[in-house]
Every structure is written in structure tokens, then in C-alpha cells.
Amino acid sequence: MAWTLVRLKISLIAGGLRGDVVRTLAFVVGAATGVAAAALGFTGFALLRGLGDAATDLGVVAFAVFTLTWALVPVFAFRSDETLDPARFALLPLRPGQAAAGLLAAAGTGVAPIAATVALSGSVVGLPRSAGAVPVAVAAVALTVLTCLLLGRILPLVLLPLLARRPAEVVSAGMAVLVLLVAAGQRWLVTFDPDRSAAQLAALAGWLRWTPPGMAAQAVGDAGAGNHLAAAARLAGVAVVVAVLAWCWRRVLAAALVAPAPASGHPAARRRGRRGFGPRGMPARTAAVLGRELRYTWREPRRKANVATLALLLGCLLMLVAVVPAAAAGPGAAGTLMVLAGGIAALSSSANYFGLQGAALWSTAMATGGARDLRAELAGALLAATVPAVPMLAAFAALCTLVVQPDDAGLAGTALAAAPGCAAFGVALGAGALLSVLLPYPLPERPHNPFAGPGAGQGLVVSLTVMAALLTVNVCVAPVHAAVHLLGPGAAPAVLAAGAGYGALGAWAGIHLAARIGARRLPEIVERVGRPAG
């Protein structure tokens, strides 16, 4: 059964590329990048050979970081691979064990998992200090890859019930985890001394070697030192963890196969008039779209996951500058960080507006008579994106100024930091509207995984596009940066107003240009995003 599902996934990937030149080119670019990353990772692990105990310590840290990255980044970057949706097997006569084994094998089929496995295999060359340690290294790599695959399958299904709660509870849970990580990182880096880096690396490895991936790496070091009993005990411990994760994966999958699809909303709220949200001067369609998108943000798991991920990204960025102050030293550093935060906040919610609608976009297309209607549609969507983002950016500006530039932590310093952020947020909203009509991409309809990303080969291209948009936004807000440095704290209110006005102008220009282009391309966009990815 496992081989059948692997072949099915390969067939689905090949079928999705057939006849679509853009997808095929994207897959080729993704495969080439995967090969390069695999080669670099393999070489990096292989270069650990000959470093002695330091190689084992570095291997322990690298295995732990590798596992954490594989498990979390695809989920919170919305790149989780769900080419084979478990919900599609609910009505087939498959036992939970068969489905769990088959879907786990299919999860390891693809460019990213194969490239990651090849990169980690470099430890078979770099970590063993004797021939007897080579089989232990092979077993350690296999167990670590299994741990990563199982965590990657379990996390989306475990996080889904959390996303059924109110958005505030989702963000609070994420921020609580982030606070714990900040405290742990701060405690380690406060005592960091570059002159004692080897000793402190050993101390960090001493903590991480009790984690499953750390135990796997340490087992290789123990076998190389001749302590085969300790190596066997550590591998046995990792195998027990893998067995427990496999049992959890089977139970969670069985529950997902028999449970109804999670509801994307709550009972309909009482109508508040015929116009919906917004002030009286707002066009009716803009107000209607604003109300609809806000309700989706409150109810739909994918939108709530987007809000929670944005909060976590801003928290991680703040954690970085709090733990490593040298990473954001210098005048104007808070404003530079605000540009990055504003760009991420805008693009994460606006860069694929039509793809989020999916097959339901046909109703929008039927109600759109030209550029004016589409302009009102995009304006409502972008206004809805500002509602959850603006409070988070305001809090980030105040905290970032307090951490990076404590001497300017008053209202004037916060306003100077917020001005480039406001400009970047508005310009990025306009860029997101343009990306929505120029490069729309379909999203898989996965009721059991709101973190599922675009189809095979698309994730890398989407990520590169967003990075290019962020670089463009940074260039566009250069005049606001210049105003901050030239005028200084004495003109903080005027600079903040100018930054907000600059951002509003950028958003307005992006909406108007996107509406003109999108009105002509709307049938093509509907055809492109109407077929779910995967």
C-alpha cells in the first residue's frame, strides 16, 4: 500500500505539470535549488570530519536545528505538502495503519524531503571517527528523518483544533510559546563569550543531546569513541520516540478520517443593515467585501493561521533584536526593522487574494463589470487586511524602539520608527494587489490542513516572488527613510503623517493598476485558481 501511494503522489505531481509551462518551469527551478541545497548541506556535514569532540557537539546542535526547521518551517510558512489529502481516503476500505504508513511514505517523496535527507546524510561521512560508527550514523540519519516526517504530518492535524478557537486565543497561545523561547535564548546568549565559544557550544550540546535528534547524533560520537553500549542505548531511545510518534500519527489520522470537516465559520450573525461594514461614504461593494473578509479572518482556519503566523513572525523578529542587539545596532535600525515588518504584514495577507477565494472566485467575476468594480473589491480586501495588522505593527514599533533605541523610546522615537513602517505597509499592500492579478496561484482545498501550500514546485517560486516584492518595497520607501534622518525627532508627527500618506498613495496606486490589469485577466485568473493545487 505504501508503494501504491508513493506512485500515486508521483503521478499527481506529473499530471499537475503536464501542459502547464509555468508550473513545469517552477518545478525545474525548485528541483535545481533542491539539488544545490542538498550538495551544500552534504558538504557542510562532511566537513565536520576530523574535528573530534567538537564535531559531535556541532552534529548534536545541527541535528536539533535540522529537525526543528523541517517540522515547523513548512507549517508556519504555509508550505506544508498535502499533495495526498488524508480526507480523500476517508471512504476507501483502508485500515488506519495502512493509510498512516502509505501517507508517511508519500510525505517523504518529493524534492524537499529528498534534498533534506541527502544533506543530512553528509553526517555519515563527517561524524563517525571509526568504521564501526558508520552503521550507527546510518541508523541515526534514518531515525532523524523518520522523526521529521512524523512531526511534519502530526503538527497540522494537532494545530487544527486550536485554529477553531477565537483568533485572540490562537495568537495568545503562539505568543506564550514565543516568550518561553525568548527566555531560553536570552539566558544562553547573555552569558555568551566569543573567547569561550567551544565551551559554550559544548554546554548547549549538553542540553540538546537529550532531545531525540541530539541523542541520534551523540550515538554516533559514542560509537566512534568505542562506547557501543551507550550508542545502542541512545539509538534505542530515539527508536522509542519514533514508535510513539508513529502511534500518535496513526491515532490522529484515524480521528481525522472519521471526523467531519472542521467548520469554517460560526452561525450567521445578525445583519447590521444592507451595507455591511465601513463609514457611510464608503462604496457599497467595498463595505461588503470589507465585512466579508473580516468575517473570514475571524472564522476561517486558513485566515486565522495567517494572523497567528504574522504575530509569531513579528515576535521572532523582536526576539532576534532583543537577544542579539548587535543585529540591529545603529541609528535608524528601528525604522529599518519596521519596513521589514510592514512589508511582511502586508504581503502575507494580500499577495494571493484571488487564490484564497479559489473556486468561489467565479461569483466575484460574475459581479464584476469592469475595473471600477474590481477596484472596489480590492480596496475592501486591503482594508480588511489592515484591521489585524495595524495593532500588531503599532505594538511592534513601540517594543522595537524600546529594545533597539532605548534612548529614543518616547512617543517621538516611536513615531519616527513607525513612519517607514507605515509607508512600507501601504506600498506592500499595493504590491500585493498587483501580485494577486499578475501571479495568482491556486491553493489546495484541505479542510484538515490549513497550512497546506501551493502545488508541487510552486513553493520556491512563490517565496522568491515575495522576497523580490520585499526588496522592491524597501527601495520604494527610501524617501521616507531620508525624511526620518534629515528631520529628526522634532518633526516626528509630520514625518509619521507623511509616511502614512506615502503608504496610502502606494496602496491606491497598486489598487488602481491591479484593477486595470485584473479586469482584462479576470477570466484567466478564475481558470487558474479555480482548480485546486495538488
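Residues numbered from 1 in each chain as written. Predicted model: local features only at pLDDT ≥ 70, side-chain atom pairs only at ≥ 80, totals over all residues. Heavy atoms only, no water.

What follows concerns the pattern of salt bridges. Across all of its chains, the model carries 6 salt bridges by this definition. With its nearest N and O atoms 3.1 Å apart, the salt bridge here joins Arg209 to Asp57. Note that Arg209 is positioned in the loop between helix H9 (197-208) and helix H10 (212-224) and Asp57 in helix H3 (residues 53-76), a separation of 152 residues in sequence. In terms of burial, Arg209 and Asp57 fall into one category: buried. One salt bridge in this structure joins Arg521 and Glu524, with 2.9 Å as the shortest N-O distance. Of this pair, Arg521 and Glu524 both sit in helix H21 (residues 492-529), 3 residues apart, roughly one helical turn. (Salt bridge = Lys/Arg side-chain N within 4 Å of Asp/Glu carboxyl O. Helix = DSSP H or I, 4+ residues; strand = E, 2+ residues; numbered from the N terminus. Buried < 20%, exposed > 50% of the residue type's maximum accessible area, 1.4 Å probe, protein only.)

Residues Phe354 and Phe396 are the most contacted members of the largest nonpolar core, which totals 60 residues. When residues of this core are traced back to their parent elements, those giving at least two are helix H13 (301-323), helix H14 (333-350), helix H15 (353-357), helix H17 (371-404), helix H18 (411-438), helix H19 (459-476), helix H20 (478-487) and H21. For this core, the element with the highest residue contribution is H18, accounting for 15 residues. In contact with Phe354, other than residues within four places in its own chain, are Leu361, Leu374, Leu378, Ser436, Val437, Ile525 and Val529. Within the second largest apolar cluster, 44 residues are counted, among which are Val61, Trp70, Leu150 and Ala205. (Core = buried A, V, L, I, M, F, W, Y, C linked by side-chain atoms within 4.5 Å. Contact = heavy atoms within 4.5 Å.)

H20 packs onto H18 with a crossing angle of 170° between their chain directions and a minimal axis gap of 9 Å. In terms of axis orientation, H18 runs roughly antiparallel to H20. From H18, Leu416, Ala419, Pro420 and Ala423 reach across to H20, where they touch Val480, His481 and Val484. Per-class residue counts for the contact of H18 with H20 are 6 nonpolar, 1 polar and no charged. (Axes fitted to C-alpha atoms, helices over the stretch in contact; angles between N-to-C directions. Parallel < 35°, antiparallel > 145°, perpendicular 65-115°, else oblique. Nonpolar A, V, L, I, M, F, W, Y, C, P; charged D, E, K, R; others polar.)

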